[in-house]
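Survey of secondary and tertiary structure
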Amino acid sequence: EATKYQEKFPDTTLLGEITMVIDLEGVSRSLFTERVMSVLKEVIKILSCFPEVLSKLMIINAPFFFSAIWIVLRQFLDARTVQKVDIYSNKNKALACIADHIDKHELIKDYGGEGPTFRKVLHEMREPGTSRQIVQRFFLDAGS
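These lines cover the structure that appears in this document, whether it is placed above or below. (Residues numbered from 1 in each chain as written. Predicted model: local features only at pLDDT ≥ 70, side-chain atom pairs only at ≥ 80, totals over all residues. Heavy atoms only, no water.)

Remarks on the overall build of the protein
Just so we agree on the cut-off: Working definition: helices are DSSP H or I runs of at least four residues, strands are E runs of at least two. Numbering for both runs from the N terminus. Relative accessibility decides the category of a residue: with a 1.4 Å probe and only protein chains considered, values under 20% of the type maximum give buried, values over 50% give exposed, and everything between is partly exposed. Contact criterion: two residues are considered in contact whenever any of their non-hydrogen atoms come within 4.5 Å of each other.
Of the regular secondary structure elements, the protein holds 6 helices and 3 strands. Starting at the N terminus and ending at the C terminus, the protein contains elements arranged as α-β-α-β-α-α-β-α-α. Scored against the burial criterion, the 144 residues of the protein give a buried share of 32%. Within the protein, contacts between residues separated by at least 24 positions form 76% of all contacts whose residues are at least 6 apart in sequence.

Here it is in structure tokens:
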């Protein structure tokens, strides 16, 4: 529908909202280096420029040390953006929130949806002729 609207009104800028799920399962403290924290702060600055773009951010499987990282990172966020972030220590606690914000037809099976699995999505993204796909996980943070 957005494409049809854009075709009808080409001089209009459409802004959408995004809902994100960030899974920190298996992430160790050693991954949060000074460089990673610097990148996260820059991402947060960008989000702060467009606070209404983020509909909801759900961070799941957050390890115990993440709360300290969140204390640092939330300082760089607009208060409205902070309100849109939920942090869960495990996936089971997060599933209800995820179901409330993402339609089951669009959600991957790994989180109770009817879409493909995360592994299948990665496989489909792989370029032809490659036998191995390098996946870089980008970790964002936020929550209360």
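Notes on the packing of helix H2 (residues 34-49) against helix H3 (residues 66-73)
Defined as follows: Between N-to-C directions, angles span 0 to 180 degrees; the directions come from axes that are lines fitted to C-alpha atoms, helices contributing only their stretch in contact. Angle categories are assigned with fixed cut-offs, so that under 35 degrees is roughly parallel, over 145 is roughly antiparallel, 65 to 115 is roughly perpendicular, and the rest are oblique. What makes a crossing left-handed is the near helix being turned counterclockwise from the far one by less than a right angle; a clockwise turn instead makes it right-handed. When residues are grouped by polarity, Ala, Val, Leu, Ile, Met, Phe, Trp, Tyr, Cys and Pro land in nonpolar, Asp, Glu, Lys and Arg in charged, and all others, Gly among them, in polar.
Axis separation between H2 and H3 bottoms out at 11 Å; the angle between their running directions is 50°. Here H2 lies oblique to H3, going by the angle between them. Seen from above, H2 lies across H3 with right-handed handedness. On the side of H2, the interface is formed by Met-37, Leu-40, Lys-41 and Ile-44, while H3 contributes Ile-69, Val-72 and Leu-73. Its residues placed into classes, the contact of H2 with H3 shows 6 nonpolar, no polar and 1 charged.

Observations concerning the sheet that holds strand S2 (residues 54-60)
Quick reminder of the rule: Two strands make a pair as long as DSSP finds a minimum of two bridges between them.
Pairing within the open sheet is parallel, and its 3 strands lie in the order S1-S2-S3. Strand pairing shows two members of the sheet lacking a second neighbour, strand S1 (18-23) and strand S3 (85-87), which therefore form its edges. Strand-to-strand, the axes of this sheet are offset by a mean angle of 10°, without reference to chain direction. Both S1 and S2 contribute to a ladder of 6 bridges, which runs parallel.

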